[in-house]
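Breakdown of the fold
Single-letter residue listing:
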Amino acid sequence: MVKKSQSKTKEKSMPNGKYVQKTLTCSTCQKFLKNTQQHNCICKRGIVNIGNSCYISSVLHAVAELNIYSTLPEDSQLGAFLKVLSTHSTKAASPRIALCEINDLWEHRNLQEDAFEFFMTILPLLQSSKFTYEYLSQRLCEICHYTCEAVIREDCSIHMEVNGTSLQEQLQSSVEPIDEICKNCSKGYMMRYKNISKAPEILAVRIVRFMVNEKTGKPSKIWNKVALPAEVTVNGKLYKLEVVILHKSKALHHGHYTVYLRNKKILIDDEKVYYNKTLKLDYSYYYLAFYV
Ligand SMILES: [Zn+2]
Ligand SMILES: [Zn+2]
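Residues numbered from 1 in each chain as written. Chains lettered and ligands numbered in written order. Predicted model: local features only at pLDDT ≥ 70, side-chain atom pairs only at ≥ 80, totals over all residues. Heavy atoms only, no water.

Digging into the pattern of salt bridges
Quick reminder of the rule: The salt bridge definition used is simple: a Lys or Arg side-chain nitrogen within 4 Å of an Asp or Glu carboxyl oxygen. A run of DSSP states H or I qualifies as a helix once it reaches four residues; a run of E qualifies as a strand once it reaches two. Both are numbered from the N-terminal end. To sort residues, take the accessible area from a 1.4 Å probe on protein chains only and compare it with the maximum for the residue type: under 20% means buried, over 50% means exposed, and anything in between is partly exposed.
Inspection of every chain in the model, using the stated rule, returns six salt bridges. Notably, a salt bridge pairs Lys-44 with Glu-65, separated by 2.9 Å at the nearest N-O pair. Placement of the pair is Lys-44 in the loop between strand E4 (32-33) and helix H2 (54-66) and Glu-65 in helix H2, with a sequence separation of 21 residues. You can call Glu-65 buried: its relative accessible area is 13%. Here Glu-113 ties to Arg-109 by a salt bridge, and the two come within 3.5 Å at their closest N and O atoms. Salt bridges sharing common partners tie together Lys-44, Glu-65 and Lys-264.

Below is the structure:
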């Protein structure tokens with residue numbers, strides 16, 4: 001099926017003697033092939049599920065798509081594996097050898113685990129500073145106006161609360177009362193102003209879907225639709241939604257992870273790769289979003 005599209009470019013003789021190249025498309029992803037020698041389409045390879053490993057696969061696809069693994073050493077098995085994901089093959093890739101390399105950091109125990117925790121665990125290995133951002137945190141006393149401020153550096157993600165406000169609103173400066181008595185007057189409560197002062201190169205957004213049930217005291221999942229805007233701005237920098245990791249479940253500790261590459265309209269579900277998929281922007285399954 002794929003080989004057919006890789007056949008030599010056909011040339012057609014025109015009346016004036018010139019030759020025009022007939023364009024060919026990849027039979028899998030339907031993209032035009034500019035150069036038939038090289039397969040420069042957008043085909044992706046799925047990843048073999050080695051037992052509840054969908055959370056790993058979706059994160060590895062995100063890392064490959066965001067191209068944040070160039071710092072891995074040349075002989076890295078993980079690096080080689082991430083490269084393979086963007087090659088043209090209908091056969092799913094096995095992550096076993098690549099995962100051996102991260103065994104010290106994360107041992108896959110055949111349990112459904114959290115994709116965000118896995119991402120945070122492998123982030124030091126990638127040595128990527130593309131997610132780092134800084135914000136100015138000011139604490140102000142409501143009575144005596146005593147102020148203290150600090151610039152705080154965060155290594156990774158922005159946590160989006162499911163509270164009815166949009167992501168753009170949450171990215172703008174915020175004011176909130178905090179549980180701290182002013183040390184100057186010992187009377188007033190402190191208010192905290194937060195303002196992102198240095199925007200990250202890649203904006204990673206984790207939608208906080210965890211809450212503790214007030215009646216039972218048990219953790220549960222916030223099952224609300226969240227609208228992810230196609231574009232957001234932080235400090236004048238425009239970001240576009242590129243990769244989304246979805247968690248399909250009403251519960252916290254089981255369910256299924258998939259990954260959506262929005263620009264390329266590709267949905268990857270373990271071994272299966274679906275092309276030309278359009279997902280709506282408000283969805284209950286959205287969990288991690290990467291804006292570039
Ligand atoms: Zn293709
Ligand atoms: Zn005070």
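What about the coordination of the zinc ion (ligand 2)?
Applicable threshold: Note that water is not among the atoms used; donors are N, O and S atoms within 2.8 Å of the metal (3.2 Å for Na, K and Ca), so sites may look incomplete. The rule is simple: four donors are tetrahedral if all their angles sit between 85 and 135 degrees, four are square planar and six octahedral if opposite donors span more than 155 degrees and the others lie between 65 and 115, and anything that fits none of that is irregular.
The protein atoms donating to the zinc ion (ligand 2) are Cys-141 (SG), Cys-144 (SG), Cys-182 (SG) and Cys-185 (SG), with metal-donor distances spanning 2.3 to 2.4 Å. Each of the four donor atoms bound to the zinc ion (ligand 2) contributes to angles spanning 106 to 117 degrees, and the resulting shape is tetrahedral. Taken in chain order, the donor set of the zinc ion (ligand 2) reads C-x2-C-x37-C-x2-C.

Description of the nonpolar core
If you look at soluble globular proteins, the nonpolar side chains tend to sit buried side by side. Basically, it comes down to this: Nonpolar cores were defined as sets of buried Ala, Val, Leu, Ile, Met, Phe, Trp, Tyr and Cys residues, with membership established by side-chain atoms within 4.5 Å. Just so you know, the domain bounds were taken from an automatic or database domain assignment. Throughout, a residue-residue contact means that at least one pair of heavy atoms, one from each residue, lies within 4.5 Å.
Grouped together as the largest cluster of nonpolar side chains are 51 residues, with contacts concentrated most on Leu-60, Val-63, Leu-82, Phe-118, Phe-131, Ile-245 and Phe-290. Inspection of this core shows a minimum of three residues originating in each of domain 1 (25-126) and domain 2 (133-291). If near-sequence neighbours (up to four positions away) are discounted, Val-63 is found in contact with Ile-68, Tyr-69, Leu-82, Phe-119, Ile-122 and Leu-126. Judged by nonpolar contacts, the second largest core, of 24 residues, contains Leu-171, Ile-196, Ile-207 and Val-232.

With respect to the coordination of the zinc ion (ligand 1)
In this structure, Cys-26 (SG), Cys-29 (SG), Cys-41 (SG) and Cys-43 (SG) serve as the protein donors to the zinc ion (ligand 1), at separations of 2.3 to 2.5 Å. Metal-centred angles of 103 to 118 degrees between the four donor atoms at the zinc ion (ligand 1) mark the site as tetrahedral. All donors of the zinc ion (ligand 1) come from a single chain, and their spacing in sequence reads C-x2-C-x11-C-x1-C. Separated by 12 residues along the polypeptide, Cys-29 in the loop between strand E3 (24-25) and E4 and Cys-41 in the loop between E4 and H2 bring together distant segments of the chain. Given a relative accessible area of 6%, Cys-29 falls into the buried group. Since its relative accessible area comes to 16%, Cys-41 is described here as buried.

Considerations on the sheet that holds strand E6 (residues 147-154)
Put simply, the rule reads: Two strands form a pair only when DSSP identifies at least two bridges running between them. Axis geometry follows a simple rule: fit a line to the C-alpha atoms, using only the stretch in contact for helices, then measure angles between N-to-C directions, giving values from 0 to 180 degrees.
Taken in spatial order, the four strands make up an open sheet running E6-E5-E9-E8, and their pairing is antiparallel. Of all the strands in the sheet, just E6 and strand E8 (174-181) have a single pairing partner and so form its edges. This sheet shows a mean twist of 30 degrees between the axes of neighbouring strands, independent of strand direction. Judged from the eight bridges that link them, strand E5 (residues 133-141) and strand E9 (residues 189-198) form a sheet pairing that is antiparallel. Paired with Glu-134 across the bridge in E9 is Lys-198.

Comments concerning helix H3 (residues 77-84)
Residue pairs three or four apart in sequence face the same way in an α-helix, which turns once every 3.6 residues. Convention followed: Think of the arc as the fan of directions from the helix axis to the C-beta atoms. Between N or O atoms, a polar contact is any pair within 3.5 Å; within protein, one atom must be a potential hydrogen donor and the other a potential acceptor, and residues adjacent in sequence are included only when both atoms are from side chains.
For H3, the set of buried residues is Leu-78, Gly-79, Phe-81 and Leu-82. Taken down its axis, H3 places every buried residue within 160 degrees of arc, on the same side. Taken together, the buried residues of H3 touch H2, helix H4 (96-100) and helix H5 (115-126). Its side-chain oxygen at 3.2 Å from the backbone nitrogen of Leu-78, Ser-76 defines the N-terminal cap of H3.

Some thoughts on the domain arrangement of the protein chain
Let me state the cut-off plainly: Note on terms: buried area is the combined drop in 1.4 Å-probe accessible area of two parts once they are placed together, counting the loss on both. Polarity classes work like this: nonpolar for Ala, Val, Leu, Ile, Met, Phe, Trp, Tyr, Cys and Pro, charged for Asp, Glu, Lys and Arg, and polar for all others, with Gly in that last group.
For the protein chain, the assigned domains are domain 1 (25-126) and domain 2 (133-291). The centre of domain 1, based on its C-alpha atoms, is set 25 Å off from the matching centre of domain 2. Taken together, the contact between domain 1 and domain 2 spans 29 residues of the former and 27 residues of the latter. Surface buried jointly by domain 1 and domain 2 totals about 2,300 Å² across both partners, of which 71% is contributed by carbon and sulfur atoms. At the boundary of domain 1 and domain 2, one finds one salt bridge. Among the salt bridges present, the one from Lys-264 reaches Glu-65, with a minimum N-O distance of 2.8 Å. Connecting domain 1 to domain 2 are eight residue pairs in polar contact (both at pLDDT 80 or more). Breaking the side of domain 1 that touches domain 2 down by element, the ones donating at least two residues are H2 and H5. When residues of the side of domain 1 that touches domain 2 are assigned to their parent elements, the largest contribution, nine residues, is made by H2. When the residues that make up the side of domain 1 that touches domain 2 are grouped by side-chain class, the tally is 17 nonpolar, seven polar and five charged.

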